Amino acid sequence: GNSVTQMEGPVTLSEEAFLTINCTYTATGYPSLFWYVQYPGEGLQLLLKATKADDKGSNKGFEATYRKETTSFHLEKGSVQVSDSAVYFCALSEMQVTFGSGTQLTVLP
Amino acid sequence: EAGVAQSPRYKIIEKRQSVAFWCNPISGHATLYWYQQILGQGPKLLIQFQNNGVVDDSQLPKDRFSAERLKGVDSTLKIQPAKLEDSAVYLCASSLEGGRDQPQHFGDGTRLSIL
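Residues numbered from 1 in each chain as written. Chains lettered and ligands numbered in written order. Predicted model: local features only at pLDDT ≥ 70, side-chain atom pairs only at ≥ 80, totals over all residues. Heavy atoms only, no water.

## Comments concerning the sheet that holds strand β3 (residues 19-21) of chain A
All names here are of chain A.
Here is step 1 of the chain: The four strands lie next to each other as β3-β9-β8-β7, forming an open sheet whose pairing is antiparallel. The two strands at the open ends of the sheet, each matched to only one other strand, are β3 and β7 (56-59). Across this sheet, the average inter-strand angle for adjacent strands is 15°, counted without regard to direction.
Here is step 2 of the chain: Note: β7 against strand β8 (residues 62-65), four bridges, orientation antiparallel. Following the sheet pairing, K56 is matched in β8 by T65. (Pairing = 2+ DSSP bridges. Helix = DSSP H or I, 4+ residues; strand = E, 2+ residues; numbered from the N terminus. Axes fitted to C-alpha atoms, helices over the stretch in contact; angles between N-to-C directions.)

Written out as structure tokens, the structure is:
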């Protein structure tokens, strides 16, 4: 079956540091890939998505590129802010949506 | 637009009792999902509806869990009887359609604690 593997957290960075959260997947077909974010006390919300190989999703300074050859969809941001502190979930959508286990990010001022 | 509404926000019950959760999706969204999120894990799909029909309930523990979506709008998820391992956050989500490209919109969830 399909699966998503995220780098384990928690991740702690200083403000303005570079962020990478690794995500790799296993799928039987050609899924769409998503990053969702959950801010403290809030529900999950879509951060970005990519629907086919080599697509780049971007939003709020975050980017991720759909890499079919490495089955990866790593999340990156060049300069994180304290307000980016949240839990980030990688997900794939094919017949159903499969989520990773989430990565807790804390950004210190 | 109004988001996905869920109630209650919190529920505490004893094992073997029953509990029900309610969800009102975004207006016009045909597809509705129920997820179980255990602490430290990602959401796990329990059931997916397209309008008022079930599309996927392969991971729903049908001996104790049931869900319905009457009239293709609101939905309820029930657990009867509850077990200790059912302690989790129950998330409802909706999307315009059920296609793989469609992002889902999530409610704030119901946190269930079983004593």
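## Thoughts on the nonpolar core
Taken as a class, soluble globular proteins show a tendency for nonpolar side chains to be buried jointly.
Here is step 1 of the chain: One finds W35(A), L47(A), L48(A), F73(A), L75(A) and Y88(A) to be the most contacted residues of the largest nonpolar core, which totals 26 residues.
Here is step 2 of the chain: Looking at this core, the elements that each hand over two or more residues are β2 (11-14), β3, β4 (23-26), β5 (32-38), β6 (45-50), β8, β10 (86-93) and β12 (103-108) of chain A.
Here is step 3 of the chain: If near-sequence neighbours (up to four positions away) are discounted, L48(A) is found in contact with L33(A), F34(A), W35(A), G57(A), S58(A), N59(A), F62(A), E63(A), A64(A), F73(A) and L75(A).
Here is step 4 of the chain: L32(B), F49(B), L77(B) and C92(B) belong to the second largest nonpolar core, which has 21 residues in total. (Core = buried A, V, L, I, M, F, W, Y, C linked by side-chain atoms within 4.5 Å. Buried < 20%, exposed > 50% of the residue type's maximum accessible area, 1.4 Å probe, protein only. Contact = heavy atoms within 4.5 Å.)

## Quick look at the sheet that holds strand β3 (residues 19-24) of chain B
All names here are of chain B.
Here is step 1 of the chain: The strand order β1-β3-β8-β7 describes an open sheet built from four strands, whose pairing is antiparallel. In this open sheet, the two edge strands, each paired with only one partner strand, are β1 (5-7) and β7 (65-68). Within the sheet, the average angular offset between the axes of one strand and its neighbour, ignoring direction, is 15°.
Here is step 2 of the chain: Pairing of β1 with β3 involves three bridges; the strand directions are antiparallel. Of the residues in β3, the one forming a bridge with Q6 is C23.

These results come straight from atomic positions and should not be treated as a statement about function.
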